[in-house]
Amino acid sequence: MVQIVRIEARATSDGHGRIIEGCQHRRQHVTGGDMRRMEDSDDRACGAPQPGLDISRDGRLVVAVIEHEGATRLYRRFLDEPDGEIIPGTEGAYHPRISPDGSRISFLAGNYLKRVDSTGDRITPLVEVANPFGQTWRGNQEILVSRREAVELLVVDVQRNKHELIASGRAHRFYWVDNVPGSDAVLVNRAHVAKNDETEADPIFLDPLDGSEAIKLGVEGTVPRFARDDLLTFTRDGALMAAPFDLSDPGRAAVPRTILDGVLVESTIAHFSLSGEGTMVYAPGRWLVGKALVWDDGEGNVEELDFPLLGYGDFKLSPDGKRLAVTIGSANAVIWIYDLERGTR
């Protein structure tokens, strides 16, 4: 049996932005592979271009990235309690991860990796991580985090607040790193590019941290997650998928299966998390292939520009406000110059 928890963003009655619904979360039981769909909902981003949800291994705690008062923040909810709360001091947060024992929450904010106790409010900065692409707990005392466009992989000791560079090299990228329990290796994507419609999936590697050769898995997808001893989850073609995973023979070809539709997928990132005991939390929606460029005049008037939906990254407006430089993609990004008056590039 798989238990699915649907947590939906909505506007609050007092106008303080978007939060995660409290006691009105809904559960759906699935047995024998029979999936009953819930009603449709509006597409709502989790407020960040990176993973925005996590659930503790015991299925008790959910942490989500939400928008509140013009900034992303972390919202936590213990599912055996009627209400949740925004964690103070988490402005700009994205990509939360909960430690295996559920006692700590790590997250990225700007170019820093930070942590907070699961029941506390004290935010502890751990290390500066320019251009991070993922982080994961290795046990309850260490965090692995990639930085500098996934060229470097650090291990951070959260107890002593110290870090060490354990891998680096342009030929070896560490996108969306995820720890594999019982193994001195991690799951990674070696490439990450903006996806638009039909493209090849990113290969997934099992990368030993002792420097030995990485093993290419028999399935492809983005943001791989080690769900349990025999199951791997990932995103591909806008769908949340799973495939059998054998640590003793990781390169064996496997047939992936779609495990849930109606999940919000932003570019290649599905907003979901699966606990060790089979509870899934996800943001409802559909595949949002690209991002729209909009013009905001600062007075509440927002106009969508007539440019294609793409994986836009950093941008800068010219001093005269007539041209826009914007990156497309992440790794190996290209820079486009848009003429805003003519609508050309």
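For the structure given in this document, a descriptive report is provided here. What you see is a predicted model; the values in this text were computed from it and never measured. (Residues numbered from 1 in each chain as written. Predicted model: local features only at pLDDT ≥ 70, side-chain atom pairs only at ≥ 80, totals over all residues. Heavy atoms only, no water.)

1. Observations concerning the packing of aromatic side chains
In this description, an aromatic ring pair is defined by two values, namely the gap between the centres and the angle between the planes.
At step 1: Tallied over the entire structure, the rule returns 3 aromatic pairs.
At step 2: When the centroid spacing of 4.9 Å and the interplanar angle of 90° are considered together, the rings of F133 and Y175 count as edge-to-face. Linking F133 in the loop between β12 (124-128) and β13 (135-138) with Y175 in strand β17 (residues 175-179), this pair joins segments that are 42 residues apart in sequence.
At step 3: What makes F133 buried here is its relative accessible area of 9%.
At step 4: When the ring of F133 is compared with that of W176, the centres are 5.3 Å apart and the planes differ by 65°; the resulting orientation is edge-to-face. In this pair, F133 sits in the loop between β12 and β13 while W176 sits in strand β17, placing the two residues 43 residues apart along the sequence. (Phe/Tyr/Trp six-rings, centres within 6.5 Å; stacked < 30°, edge-to-face > 60°. Helix = DSSP H or I, 4+ residues; strand = E, 2+ residues; numbered from the N terminus. Buried < 20%, exposed > 50% of the residue type's maximum accessible area, 1.4 Å probe, protein only.)

2. Details of the pairing of strand β10 (residues 104-109)
At step 1: In terms of burial, β10 is a largely internal element, 6 of the 6 residues being buried.
At step 2: Neither face of β10 is left uncovered, since the one carrying R104, S106 and L108 and the one carrying I105, F107 and A109 both have all their residues buried.
At step 3: When strand β9 (residues 93-98) meets β10, the two strands line up antiparallel, connected through 4 bridges. Note on β10: the bridge partner recorded for I98 is I105. (Pairing = 2+ DSSP bridges.)

3. Some words on the sheet that holds strand β7 (residues 71-78)
At step 1: Read from one edge of the open sheet, 4 strands run β5-β6-β7-β8, paired in antiparallel fashion. The sheet is open, and its two edges are formed by β5 (53-55) and β8 (85-86), each paired on a single side.
At step 2: The pairing of β5 with strand β6 (residues 61-68) spans 3 bridges and is classified as antiparallel. Residue pairing in the sheet places I55 in a bridge with V62 of β6.

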